[in-house]
There are 4 protein chains.
Amino acid sequence: VNRSLDRLTRLSEPAPFEREALAVQYRRVRDLTRQLSAPLSAEDQGVQSMPDASPTKWHLAHTSWFFEALLLQRHQPGYRPHDEAYLYLYNSYYEALGPRHPRPQRGLLSRPSLAEVWHYREHIDAAVLRWLAEASDAQLAAAAPVFTLGLHHEQQHQELLLTDIKHAFSLNPLAPVYVPRPTYRHRDHEASAPPGWQRCSGGIVQIGHADTGFAFDNESPRHAVLLAPYQLATRPASCADYLAFMQDGAYQQPQWWLSDGWALRQAEHWDAPAYWRNPAPLGSAAYADPGAWQVYTLHGLQLLDLYEPVCHLSGYEAAAYAAWAGARLPTEFEWEAAAASVDPATQRYDPLAPHPQPLDHAAAAASGAGLQQLYGEVWEWTASAYAPYPGFKPWPGPAAEYNGKFMVNQLVLRGGSCATPPDHLRASYRNFFPPAARWQFSGVRLARDAT
Amino acid sequence: VNRSLDRLTRLSEPAPFEREALAVQYRRVRDLTRQLSAPLSAEDQGVQSMPDASPTKWHLAHTSWFFEALLLQRHQPGYRPHDEAYLYLYNSYYEALGPRHPRPQRGLLSRPSLAEVWHYREHIDAAVLRWLAEASDAQLAAAAPVFTLGLHHEQQHQELLLTDIKHAFSLNPLAPVYVPRPTYRHRDHEASAPPGWQRCSGGIVQIGHADTGFAFDNESPRHAVLLAPYQLATRPASCADYLAFMQDGAYQQPQWWLSDGWALRQAEHWDAPAYWRNPAPLGSAAYADPGAWQVYTLHGLQLLDLYEPVCHLSGYEAAAYAAWAGARLPTEFEWEAAAASVDPATQRYDPLAPHPQPLDHAAAAASGAGLQQLYGEVWEWTASAYAPYPGFKPWPGPAAEYNGKFMVNQLVLRGGSCATPPDHLRASYRNFFPPAARWQFSGVRLARDAT
Amino acid sequence: VNRSLDRLTRLSEPAPFEREALAVQYRRVRDLTRQLSAPLSAEDQGVQSMPDASPTKWHLAHTSWFFEALLLQRHQPGYRPHDEAYLYLYNSYYEALGPRHPRPQRGLLSRPSLAEVWHYREHIDAAVLRWLAEASDAQLAAAAPVFTLGLHHEQQHQELLLTDIKHAFSLNPLAPVYVPRPTYRHRDHEASAPPGWQRCSGGIVQIGHADTGFAFDNESPRHAVLLAPYQLATRPASCADYLAFMQDGAYQQPQWWLSDGWALRQAEHWDAPAYWRNPAPLGSAAYADPGAWQVYTLHGLQLLDLYEPVCHLSGYEAAAYAAWAGARLPTEFEWEAAAASVDPATQRYDPLAPHPQPLDHAAAAASGAGLQQLYGEVWEWTASAYAPYPGFKPWPGPAAEYNGKFMVNQLVLRGGSCATPPDHLRASYRNFFPPAARWQFSGVRLARDAT
Amino acid sequence: VNRSLDRLTRLSEPAPFEREALAVQYRRVRDLTRQLSAPLSAEDQGVQSMPDASPTKWHLAHTSWFFEALLLQRHQPGYRPHDEAYLYLYNSYYEALGPRHPRPQRGLLSRPSLAEVWHYREHIDAAVLRWLAEASDAQLAAAAPVFTLGLHHEQQHQELLLTDIKHAFSLNPLAPVYVPRPTYRHRDHEASAPPGWQRCSGGIVQIGHADTGFAFDNESPRHAVLLAPYQLATRPASCADYLAFMQDGAYQQPQWWLSDGWALRQAEHWDAPAYWRNPAPLGSAAYADPGAWQVYTLHGLQLLDLYEPVCHLSGYEAAAYAAWAGARLPTEFEWEAAAASVDPATQRYDPLAPHPQPLDHAAAAASGAGLQQLYGEVWEWTASAYAPYPGFKPWPGPAAEYNGKFMVNQLVLRGGSCATPPDHLRASYRNFFPPAARWQFSGVRLARDAT
């Protein structure tokens, strides 16, 4: 399978036997989307809680539209759209593919119904699999990159489906439970030790995707970057770590904050990470009391678990925390250079229980330590603005709009969260959000210059 | 039944045999709400398209909350709420009844589910009917006013349910059909004659609710008003009438408009009534062509029918149209004095086909004319600001907030629309909306001073 | 002089000897504007603190533009504008007279300089006085109405000049003094008695301008209105009266407030009249302490004087105060019927010391009481929406836009304030502002139904 | 003089003879501010046209406040502020120095008057010069860095004074002339040749301030960066170059634009650089006609000069132009590495005639070419987000807020404009603005990868 995925950049012809591998992969990815939406009612799946978030139903339809508009319409001769209106309704932001339904109004689309959207998905599935079986080798080779892109695109929306419904549910006074909390989690572990520091020597390092397996265009070209020696915290900041920052009054002290961040904190009255709840006001005794905090999660309201990685921070909060801690955010290059040797396959992933997990100290100690929880817990804000790599070229065709046009006003996040499918991640992966964003599973790992 | 309804203001004790009459009435009103929501899926029923409009599901729940919070909790000893959270979720604007869910976020409430809301309705229905059967005569007498108020309140929401889903559907590019267009409507009637003028002598007239049957507090006290002689158009302006205003360029001519109206027309780029659609720009030949216009209705997109009353006008458009026509809007007193002798029971009403109907000229001619289409077609904007009548007293208790606190920044509309239940209307009825509102079934009937 | 003023509505030819009387009046009005602007530097005169307020310099220019655009350009054959650009810069809202500089950007016009604006004024003065001397009798008769309108228009701007610079200065942390406080004011008078009630019999009363002297078009036609018996407070509410409302917690009690008013109070955090200052928060002891309050005035910051009429209330606060006091706002008809017999000429007016004055109790007692402080203290909010009188016709020509197009979304205020030129007032005068406005000298006089 | 400037970072003790050099420099910088404000009236100097821009008078006061708050209050024992209120009024954004007047309300400060502000400046000048004469060597050494910072701070405001009054004047329909256009400029030069490309070898380059002379903290530490070979255009894009982009329809073609830039272009209806004016709409023949364009400048409205560097571009327009031209923006490192060998002292500077100048082709040819117009014409947008250099440490004390807290959501611009004092510039200088900003003298120089 890996070899066929390689085609996305290499564009060589897949061998005949790879068709079945692609079909298996297609079915697996599409089925996970189905599983993720299964706990949600049709009513749940229609809600849009802010312009940045989309209804579950829209994710279901848009990921099918992607295969229709970029694969079937372009690579399947004679293909006729399932419904012309869907080309308008489910285009996200592709200017080259025509006008589209206004993003803030996705939640108004009670029609098409969820059943119709599932009918659409089934139609697309049948068409894609038929195409996969019937395309000539040349056709397959030409379209393999966009086929594979469609799968990775759907994986991105699998994560967004979760972050978006979490945001919507968080605004519901009933604090709905997406799935019950698994029983294997427990809070009776020993106290957390402060994170250690992993020394990294810097120098000239290779950054970006090496030519094996799929990668987005924004991870290329691989290129050399010169780094000074630096240190990374061995684990992301925990809720206990972050609570110390809060207890110290940092939400009232402008000196730790970027100017834009302080202005936003004031305007939005932020005094804790998103989804943390405490009726007591900032500065009160109960504000400083870990036991007084609850956190809204996809398992409903939970007591604050001090040993989990802190999550749902904005980039501004991550930077303020780092400044308060006498450290800084890592650059994306420092992160990647340090993470390159860690295998993302170790990522914990329970698609129906997305929640950052406390560090298993015993296991960490046994493993000889090093960098822990790099993947599969929280996206880690970096100090790096999202920008093109030297020599960056967007993909040809409509996929040119996939990444490049967003390379301004955003910060890169690295790692991957408990909501990210494990085979979606790699050391070179560049996630990106504006520094004000808090609805992703986003946390912080400290860095500092090597002494 | 009428006699028991009288109790709302008279507060005397209902006779025992009236219990059954009240129960019949309760079941009838509640059942109509069910019928109105029946064509809508659970997905449809969750959509909120603007802060002024509410999801169908919310209407279903709120009308039940009204009986729970104002009747059962106050008049049924030992009553325990169906769900404490619902008291918060489904309070609309009653400050005296505690905090409430923010109005613009009603569309985020995918939970409680529609099924749970129906369970709530059934619970309330059972409790209300049990109370009706078991209350002492004194208890019944004390609570009859709020019981009856709950029924009229629900009728108001029956109309809002329709206007709100129409607004939501109008923003859906698929232009959904709420119910198919009935077959009895036809467009091949003879050309519309201009409306005639009905002379009214004015003088000292009695305005407000006479003491028979239910009325809202804002219709009282009945009091004398002195009117100069005036004339009213025999029918509301038709689409043909209004199109002449448009063809004359009135949407580009500030001289017809109130200053606030002109500013809004410019900001919102209004160039036709709400829900009218024509891809051609203002000033083009197609803009002036009746055949180029479509209108979004609850039957989906329809060709413009010139003979229907024009509908979905803002108060600003109504006033501009009147100025252009060399006339003016009637005051609410002029309207009521003229309408007092017309029986609202003649109102056309098909709850599942709400649409203003063309005037039946033959019938109008046969009837000897007079004022036509006063009820059951469109709410008619008046020139009167919504204000308390001399000696106005809000109802006691929480119902004090029902009407009085809204008596500013709104205009009174009179008549009643194709979406208003017929037994909900009367000559003294005062509907009110800000002059910018266009999503109600609102039209215009001209007035002028008698020469 | 009075007779020549009559021409505005009667349009008869002025006799030759009246030319001089008109010129005297013109010079007097124009000179008062000069006096009012004299305490202000060129820098002061350029400031615009909100879109609703205009810079002093703009008032100086606009009142000259009015004579140029409505009088000289239309009634002086061969007149050529002083500067074509000024026709654009200093048009306020007359759509019929072409486009205009955006209202919110008046404060950006550092050019034309104040000196150039004075040059403009002098140019207009010379041209108007020359026209007055040289026009034929027929020309004079034709233009006399707009000439007189220009004078009354300028008087309106004389008041606005004061309210607007007061608003601007109030936002300056230095709390600038427009003019020092006159020495004749003193605070050591006896305690204020509660206002009495003046009974008014109601019945059919004549409302509107009787045909003597100037009046705006919105005061006509005079017409009959039927009133129930009512009572008016003998004086406007004092700061002591209003402080009792505040001390009772009324800024935290929604039951007194119109819904729109409560929403605004919450959004704007109102907890006292505009310009009142107290660092202590609502609910604290110091909040209830009269001695802890300061008030920004055109004499700078002053201690709160409990015996002055309360001022700078919004219509919402006026209505809430009335509700709390168990009373209501008067209608504009009630106010006018009661005030018709009171001579506005008794108005106190010191153009350079605009400030509401405490009631002189001794004088009031000696006078046999009746309605006190009707004119020349504060504009009194009424319950009446600003609407056309029956048979209202706007003036012909561009002056049609003077009043009529604003007849929506506003409330009528009656009386006249300490900033209103005394000969500008009369019982039929209708001032109007949106209920949210607080920067005018606006207060409240209670009314109630006669028992 | 250079040696004393070095103290800012080196903090060694200045020799006694340097006091006079510092005083000379102080007087020279302060006097230039005076010259720049001289053409403006007191009225002009009070205008604030948007929150990002400040009134001239505020710049005059704030630059004096800087010396008072950071130098005199901290380094002059016993110093008492000129006026306590000014510490509040003229603090810009220093949280550590207490609260401050709201930025959007700077234009409301008609008081203190311009004369008072000049009195303040004179007071500060006398106090600073006295301190300079009387401070002990140790005191002088301790305060020299902030003294020098104050001078460079004032130079930054000298440029802002010009860009801010230009913005204000641009909104005045009279298109005021700040100073007349100098006569030495002429348009009759030969046609512009396309810019050439300067090859740069890249490799490991040293970036940041080398330890000679003053630099801001954000230019340090000097550090190594690894660059791939690249090319820079020999001159910034001219108006002719940019007009070709416009003529090609690029303002209607989303494919060239960053997503945020396209959204802003749509919302703001941008169709040309700021200050360009053409009544003809986008797409018309006159839109494409160079002769139909006028440009608002500090010399008033001027015909478009095709040979000047294009100016007042947002970063979005700069990036779109580069994409359309098949090139890209340079990184700030590429720019600095290439510019390091060019002497900024060649910058043209006429403080009272700030306007980008056409390239002197003959001189450029004679000089053997290379990079032209690097300094003193337009700030050149780079692709680099404004971020801390590795090992960055903000200055100690209140100056810590000078640069570091703004390191997010902005792009770096390099070079320096016709409004920048020449001795203020150097190759390592990092200017920064959000990509939406257009009111600076900002242009674009293309870059591309070396083939």
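Residues numbered from 1 in each chain as written. Chains lettered and ligands numbered in written order. Predicted model: local features only at pLDDT ≥ 70, side-chain atom pairs only at ≥ 80, totals over all residues. Heavy atoms only, no water.

1. Observations concerning the overall build of chain A
Selection criterion: A run of DSSP states H or I qualifies as a helix once it reaches four residues; a run of E qualifies as a strand once it reaches two. Both are numbered from the N-terminal end. A 1.4 Å probe rolled over the protein chains alone gives each residue an accessible area, and that area as a share of the maximum for its type sets the label: buried under 20%, exposed over 50%, partly exposed in between. Contacts are assigned to residue pairs that have any heavy atoms within 4.5 Å of one another. For accessible areas, the Shrake-Rupley method is used with a probe of radius 1.4 Å. Any residue's cover is judged against the shown protein chains and nothing else. This count recognises Lys and Arg as positive and Asp and Glu as negative, with His and chain-terminal groups excluded. By convention, the point assigned to a charge is CZ for Arg, NZ for Lys, CD for Glu and CG for Asp.
Secondary structure summary: chain A contains eleven helices and twelve strands in total. C-alpha atoms of chain A, sized along the principal axes, occupy 70 × 50 × 40 Å. Across the 451 residues that make up chain A, the buried fraction comes to 59%. Across chain A, every contact between residues at least 6 apart in sequence was considered, and the portion connecting residues at least 24 apart equals 79%. Approximately 16,200 Å² of chain A is accessible, and the part contributed by carbon and sulfur atoms is 56%. Within chain A, one finds 36 positive and 45 negative side-chain charges whose respective centroids are separated by 2 Å.

2. What to know about the packing of aromatic side chains
The condition that has to hold: Two rings from Phe, Tyr or Trp (for Trp, the six-membered ring) form a pair when their centres are within 6.5 Å of each other. A pair whose planes differ by under 30 degrees is stacked, one over 60 is edge-to-face, and the rest are tilted.
Enumeration according to the criterion identifies 151 aromatic pairs over all chains in this entry. For the ring pair Tyr 26 of chain B and Phe 67 of chain B, a centre distance of 5.1 Å and an interplane angle of 75 degrees mean the geometry is edge-to-face. Of the two residues, Tyr 26 of chain B sits in helix H2 (residues 18-37) while Phe 67 of chain B sits in helix H3 (residues 56-75), which places them 41 residues apart along the sequence. A single burial state applies to Tyr 26 of chain B and to Phe 67 of chain B, both of which are buried. With a centroid separation of 6.3 Å and an interplanar angle of 40 degrees, the aromatic rings of Phe 333 of chain C and Tyr 389 of chain C are classed as tilted. Taken together, the residues span a long stretch of sequence, with Phe 333 of chain C in helix H10 (residues 332-339) and Tyr 389 of chain C in the loop between strand S8 (379-385) and strand S9 (411-414) at a distance of 56 residues.

3. A short note on the environment of Val 47 of chain B
Structurally, Val 47 of chain B can be placed in the loop between H2 and H3. Not counting the four nearest positions on each side in its chain, Val 47 of chain B is found in contact with Gly 107, Leu 108 and Ser 110 of chain A together with Ser 54, Pro 55 and Ala 168 of chain B.

4. Focus: the interface of chain B and chain A
For an interface, size is often stated in terms of accessible area lost upon the parts coming together. What counts, and what does not: Note: buried area is the sum, over both parts, of the accessible area (probe 1.4 Å) each one loses when the two are combined. Here, a salt bridge means any side-chain nitrogen of Lys or Arg that lies within 4 Å of a carboxyl oxygen of Asp or Glu. Charged means Asp, Glu, Lys or Arg here, nonpolar means Ala, Val, Leu, Ile, Met, Phe, Trp, Tyr, Cys or Pro, and polar covers whatever is left, Gly included.
Across the contact, 29 residues belong to chain B and 29 residues belong to chain A. Summed over both partners, the interface of chain B with chain A buries about 2,200 Å², with 58% contributed by carbon and sulfur atoms. It is Glu 43, Leu 108 and Arg 111 of chain B that lose the most area in chain B upon contact with chain A, and together they represent 33% of the buried surface on that side. Put simply, chain B and chain A have four salt bridges between them. The leading source of residues in the side of chain B that touches chain A is helix H4 (residues 84-89) of chain B, at three residues. Tallied by class, the residues present in the side of chain B that touches chain A amount to 17 nonpolar, eight polar and four charged.

5. Considering the packing of helix H2 (residues 18-37) of chain D against helix H6 (residues 137-170) of chain D
Residues and elements named next belong to chain D. Keep this limit in mind: Axes here mean lines fitted to C-alpha atoms, for a helix over just the part in contact, with angles spanning 0 to 180 degrees between N-to-C directions. By the definition adopted for this analysis, an angle is roughly parallel if under 35 degrees, roughly antiparallel if over 145, roughly perpendicular if from 65 to 115, and oblique otherwise. Two helices that cross are described as forming a left-handed crossing if the nearer one is turned anticlockwise from the farther one by less than a right angle, and a right-handed crossing if clockwise.
Two numbers describe how H2 lies on H6: the axes approach to 10 Å, and their chain directions differ by 20 degrees. When the axes of H2 and H6 are compared, the pair comes out roughly parallel. Pair H2 / H6 crosses with left-handed handedness. For the pair H2 and H6, the contacting residues are Arg 19, Leu 22, Gln 25, Tyr 26, Val 29, Arg 30, Leu 32, Thr 33 and Leu 36 in the first and Asp 137, Leu 140, Phe 147, Leu 151, Glu 154, Gln 155, Gln 158, Leu 161 and Leu 162 in the second. In terms of residue class, the contact of H2 with H6 is made up of ten nonpolar, four polar and four charged.

6. A word on the interface of chain C and chain B
Inclusion rule: Under the rule applied, a polar contact is a pair of N or O atoms within 3.5 Å (in protein, one hydrogen donor and one hydrogen acceptor; residues adjacent in sequence only if both atoms are side-chain atoms).
At the junction of the two partners, chain C supplies 22 residues and chain B supplies 22 residues. Here chain C and chain B share an interface that buries about 1,800 Å² over both sides, 63% of which is from carbon and sulfur atoms. It is Leu 226, Val 408 and Asn 409 of chain C in chain C that bury the most area against chain B; as a group they hold 27% of the surface buried on that side. The interface formed by chain C and chain B contains zero salt bridges. One can count six residue pairs in polar contact (both at pLDDT 80 or more) joining chain C with chain B. Broken down by secondary-structure element, the contributors of at least two residues to the side of chain C that touches chain B are strand S3 (223-227) and helix H8 (259-268) of chain C. For the side of chain C that touches chain B, the residue count by class is 14 nonpolar, four polar and four charged.

7. Side note on the relation of the copies chain C and chain B
Put simply, the test is: Least squares is the method for superposing the copies, and the C-alpha atoms it fits come from residues with pLDDT of at least 70 in both.
At an RMSD of 0.0 Å, chain C and chain B line up after a rotation of 180 degrees and a shift of 0.0 Å along the axis. Between the two chains, the operation in question is that of a two-fold axis.

8. Here's the deal with H10 of chain C
Within H10 of chain C, six of the eight residues are buried, which leaves the element mostly enclosed by the surrounding structure. The complete set of buried residues in H10 of chain C reads Glu 332, Glu 334, Trp 335, Glu 336, Ala 338 and Ala 339 of chain C.

9. A word on the nonpolar core
Applicable threshold: Buried Ala, Val, Leu, Ile, Met, Phe, Trp, Tyr and Cys residues that are joined via side-chain atoms within 4.5 Å together make up what is termed a nonpolar core.
Counting 124 residues, the largest nonpolar core has Phe 147, Met 246 and Trp 276 of chain A as the members making the most contacts within it. Looking at this core element by element, the count peaks at eleven residues for helix H6 (residues 137-170) of chain A. Ignoring any residue separated from it by four or fewer positions in sequence, one finds Trp 276 of chain A in contact with Cys 239, Leu 243, Met 246, Trp 293, Gln 294, Val 295, Leu 304, Val 310 and Cys 311 of chain A. Formed by 123 residues, the second largest nonpolar core is a distinct cluster that contains Phe 147, Leu 161, Phe 216 and Tyr 287 of chain D.

10. Thoughts on the confidence of the model for chain A
Residues and elements named next belong to chain A. Definition in use: pLDDT runs from 0 to 100 and stands for how confident the predictor is about each residue.
Per-residue confidence for chain A averages 93 on the pLDDT scale, and 94% of its residues sit at or above 70. The low-confidence segment residues 1-13, where pLDDT is below 50, has 35 contacts with residues more than four positions distant or belonging to other chains. Scored as a complex, the prediction yields pTM 0.95 and ipTM 0.94.

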